Amino acid sequence: MDLVVPSNHAQEGFCLFQCAQSNTPRNKSCTARVRARVRSDLSSKSVASSIEGLLGFKAQCGVSYKRRRNRVLSVSRVESYTSNVRHSTLDGIPHGHSNSGNISSHEEYSSPNYEEFESNNHLRRLVRNGELEEGFKFLESMVYQGHIPDIIPCTSLIRGFCRIGKTKKATRVLEILEDSGAVPDVITYNVLISGYCKSGEIDNALRVLDRMSVAPDVVTYNTILRTLCDNGKLKQAMEVLDRQLKKECYPDVITYTILIEATCKESGVEQAMKLLDEMRNKGCKPDVVTYNVLINGICKEGRLDEAIKFLNNMPSYDCQPNVITHNIILRSMCSTGRWMDAEKLLTEMLRKGCSPSVVTFNILINFLCRKGLLGRAIYILEKMPQHGCTPNSLSYNPLLHGFCKEKKMDRAIEYLDIMVSRGCYPDIVTYNTLLTALCKDGKVDVAVEILNQLSSKGCSPVLITYNTVIDGLSKVGKTDQAIKLLDEMRRKGLKADVITYSSLVAGLGREGKVDEAIKFFHELEVLGVKPNAITYNSVMLGLCKARQTDRAIDFLAYMVSKGCKPTEATYKILIEGVAYEGLAKEALELLKELCDRGVVKKSSAGQGALKM
């Protein structure tokens, strides 16, 4: 294999090889210079003079030493047998003579430039098609061949690996890129830093910042500052800011907004206001996002009236509040029960020409439903289209929850149908709300029917969906159906949890199927799920109802041996179990002893004794 060097990258530094392809006066001159330099080096009396001569040659040819060094390093990674082939090929070409007799005209036109161009095109295609691993292998291959990869597809490759959490592979792409002689730009570094930040590897992001071969920009610093602040590391963020200023990379409005938000959370609004003053003094004008952050901080400190005053003063700061500003205030008004003020704010918004968003209306609907004012909430919902807003599932969900809470299931189902008829498809939260209410109301057959229709409506049930219906079936003595649902969820790849099994065990115990309940209990353990006190209590209750109190007491010992602490309910079940077997006197003695030990309250124990 011939060692090929792209002429556009080699410039005059590789004129020795260029000479072989052309006999132009420029190349003859170049050859003469090389010969003169070689003679000079051979006749020199010291190594120092040879080095000086070579440096002189480098300066004449205008070749970047760093770039050539990096290319040599990258090419040197190829397997030794390839290197031997290349060396033997090069040795066969006499220095200073044209090799046109050895290279065909076809090979001459298959120039290194064309090969490198085609390699980069292929790399682009692989990355564009999402073939990241193939792209990585091809990148290694083309660099081993001495081709310099294009920065843009390499940056896309880094971004792709970062998106799937392979940050180490992304870093390796950058290393290959750097070693190839290509110079990554600030965007390439920013993509890798962003990838590390998103995966929570802030220390690695800082290491990339330290090794950057180009000057970081404000985006670089903002990415790191955002991650540090989001993780509560404001002090470290301030250190990075100092470093940014020393590099003469000046913060922008985003930088200050990030720091102001973090300061509000960690040190309070008063300290954040100092940063706002510093920002203004340095000629950086705050925008509406900056003011929204401050207003949100004031509201969270419970200073709603101050927040309203700040909102009203914003135009004097040459900044108009937007819908998000109003939503922050509106949410705070609703959470503190100031409904009349919320209505006034909405009216004021419309007067100023600030159109409310779906979020605005959802805040109001949610508040009204929590207060039980469902009629008023429906009125707001119906008014939304007049303001250019289409209700979404978050608009309907509070209403459905409100109807379910008031046990108005017919109204809840009616609004579910209205929701669908208007092109708003319920999400799994909507269905879970409805299923929970139906099961609590004992309408488990309706709940099962809705559950069976979910997949056809494009809404896949989740674990909590199945748990809700399994629990509902278990409570009404339909454990056979509940077990079928357990099998169905397993087939769909959903893993049952302690809640699923606790519901089944309790249901089987109530139906007197104690041995089957214990079987499911041990199945839970085999799956590596640790039973909780509720699961143990369900088994013991079943045993006591079956007049097998001795086995229940054995189960208590097993419970303790497994490190699960008995609750007051555990002991009450056993006391009632002893009494249920006709041993009332013994049950009262046990009750007294447990009260003396403080594991059972005297008040609740007395109620239990009366019940027995």
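Residues numbered from 1 in each chain as written. Predicted model: local features only at pLDDT ≥ 70, side-chain atom pairs only at ≥ 80, totals over all residues. Heavy atoms only, no water.

> Help me understand helix α29 (residues 479-491) in this model?
One turn of the α-helix equals 3.6 residues, which is why residues spaced by three or four share an orientation. Taking 1.5 Å as the rise per residue, α29 with 13 residues should run 18 Å; its terminal C-alpha atoms sit 18 Å apart, in good agreement. Restricting attention to buried positions, one finds in α29 the residues T479, A482, I483, L485, L486, E488 and M489. Check the buried side of α29 and you find it contacts α27 (444-453), α28 (463-475), α30 (498-510) and α31 (514-526). Just beyond α29, the residue with positive phi is G493, at close to 85°. (Helix = DSSP H or I, 4+ residues; strand = E, 2+ residues; numbered from the N terminus. Expected span 1.5 Å × (residues − 1). Buried < 20%, exposed > 50% of the residue type's maximum accessible area, 1.4 Å probe, protein only. Contact = heavy atoms within 4.5 Å.)

> Looking at this structure, how should I read unusual backbone geometry?
Glycine aside, negative phi is the norm for most residues, and most peptide bonds take the trans geometry. The backbone of E248 shows a phi angle near 60°, a positive value even though the residue is not glycine. Following the sequence through the fold, E248 ends up in the loop between α15 (234-246) and α16 (253-266). Residue classification places E248 among the exposed residues on the basis of a relative accessible area of 58%. Its identity as a non-glycine residue notwithstanding, D318 has a phi of 65°, on the positive side. According to the relative accessible area criterion, D318 is exposed, its value standing at 56%.

> How should the environment of I298 be read in this particular structure?
With respect to the helices and strands, I298 occurs in helix α18 (residues 288-300). A relative accessible area of 2% means that I298 is categorised as buried. Along the sequence, I298 and I308 sit 10 residues apart, while their C-alpha atoms lie 9.6 Å from each other. Residues in contact with I298, not counting those within four places in the same chain, are V269, M273, R303, E306, A307 and F310.

> Quick question: what am I supposed to make of the packing of helix α23 (residues 374-383) against helix α24 (residues 393-405) here?
Each pair of packed helices gets described by two things: the angle between the helix axes and the distance between those axes. Direction vectors running N to C along α23 and α24 enclose 160°, while the axes themselves pass 11 Å from each other. Classed by the angle they form, the pair α23 and α24 counts as roughly antiparallel. For the pair α23 and α24, the crossing hand works out as left-handed. Contacts from L374, A377, I378 and L381 in α23 reach S395, Y396, L399, G402 and F403 in α24. (Axes fitted to C-alpha atoms, helices over the stretch in contact; angles between N-to-C directions. Parallel < 35°, antiparallel > 145°, perpendicular 65-115°, else oblique. Left-handed = near helix turned anticlockwise from the far one by under 90°.)

> Even after reading the chapter, I still don't get the confidence of the model for the protein, so can you show me in this structure?
Do not read the fine detail of predicted coordinates wherever pLDDT is low. Per-residue confidence for the protein gives a mean pLDDT of 81, with 80% of residues at or over 70. Low pLDDT (under 50) marks residues 608-612, which in the prediction has 6 contacts with non-local residues, meaning those over four places away or in another chain. (pLDDT = per-residue confidence, 0-100.)

> What is the right way to read the side chain of S474 from this model?
Looking at the secondary structure, you find S474 in helix α28. In this structure S474 comes out as buried when scored by relative accessible area, which is 1%. A polar side-chain atom of S474 sits 2.8 Å from the main-chain carbonyl oxygen of I470. (Polar contact = N/O pair within 3.5 Å; in protein donor to acceptor, adjacent residues only side chain to side chain.)

> Looking at this structure, how should I read the pattern of salt bridges?
Here the structure, examined in full by the defined rule, presents 29 salt bridges. In this structure, E175 and R172 form a salt bridge, with 3.2 Å as the shortest nitrogen-oxygen distance. With E175 and R172 both in helix α11 (residues 167-179), this residue pair falls 3 residues apart, about one helical turn. We classify R172 as partly exposed; its relative accessible area is 26%. (Salt bridge = Lys/Arg side-chain N within 4 Å of Asp/Glu carboxyl O.)

> Honestly, α28 in this entry has me stumped. Any pointers?
For α28, built from 13 residues, the straight-helix expectation of 18 Å at 1.5 Å per residue is met to within 8% by its first-to-last C-alpha distance of 18 Å. Listing the buried residues of α28 in full gives T465, Y466, N467, T468, V469, I470, G472, L473 and S474. Positive backbone phi, approximately 75°, marks G477, located one or two places after α28.

> Sorry, what's going on with the environment of L174 here?
Note on placement: L174 falls in helix α11. Judged by relative accessible area, which is 0%, L174 ranks as buried. For the pair L174 and Y189, spaced 15 residues apart in sequence, the C-alpha separation works out to 8.2 Å. Apart from residues no more than four positions distant in its own chain, L174 is found in contact with I158, P184, T188, Y189, L192 and R211.

> Explanation requested: the side chain of N222 in the structure shown.
Examined against the element boundaries, N222 turns out to sit in helix α14 (residues 218-230). Sequence-distant contacts of N222, that is, excluding residues within four places in its chain, are made with D252, I254, T255 and I258.

> What is the right way to look at the packing of α31 against helix α33 (residues 549-561) in this model?
Interaxial distance between α31 and α33 falls to 14 Å at its minimum, and their mutual angle equals 10°. As summarised for this structure, α31 and α33 are arranged roughly parallel, according to the angle between their axes. On the side of α31, the interface is formed by D515, I518, F521, H522 and E525, while α33 contributes R551, F555 and Y558. Per-class residue counts for the contact of α31 with α33 are 4 nonpolar, 1 polar and 3 charged. (Nonpolar A, V, L, I, M, F, W, Y, C, P; charged D, E, K, R; others polar.)

> Just checking my understanding: could you explain the packing of aromatic side chains for this structure?
In this description, a pair of aromatic rings is defined by centroid distance and the angle of the planes. Under the defined criterion, the tally for this structure stands at 12 aromatic pairs. Taking 5.0 Å as the distance between ring centres and 65° as the angle between the ring planes, the aromatic pair formed by F521 and Y536 counts as edge-to-face. Residue F521 is found in helix α31, and its partner Y536 is found in helix α32 (residues 533-545); the two are separated by 15 residues along the sequence. Residue class for F521 comes out buried when judged on its relative accessible area of 0%. With relative accessibility at 1%, the residue Y536 sits in the buried group. Through successive ring pairs, a cluster of aromatic residues spans F521, Y536, F555 and Y558. It is K169 that lies over the ring of F136; its NZ or CZ is 4.7 Å from the centre. (Phe/Tyr/Trp six-rings, centres within 6.5 Å; stacked < 30°, edge-to-face > 60°. Lys NZ or Arg CZ within 6 Å of the ring centre and 35° of its normal.)

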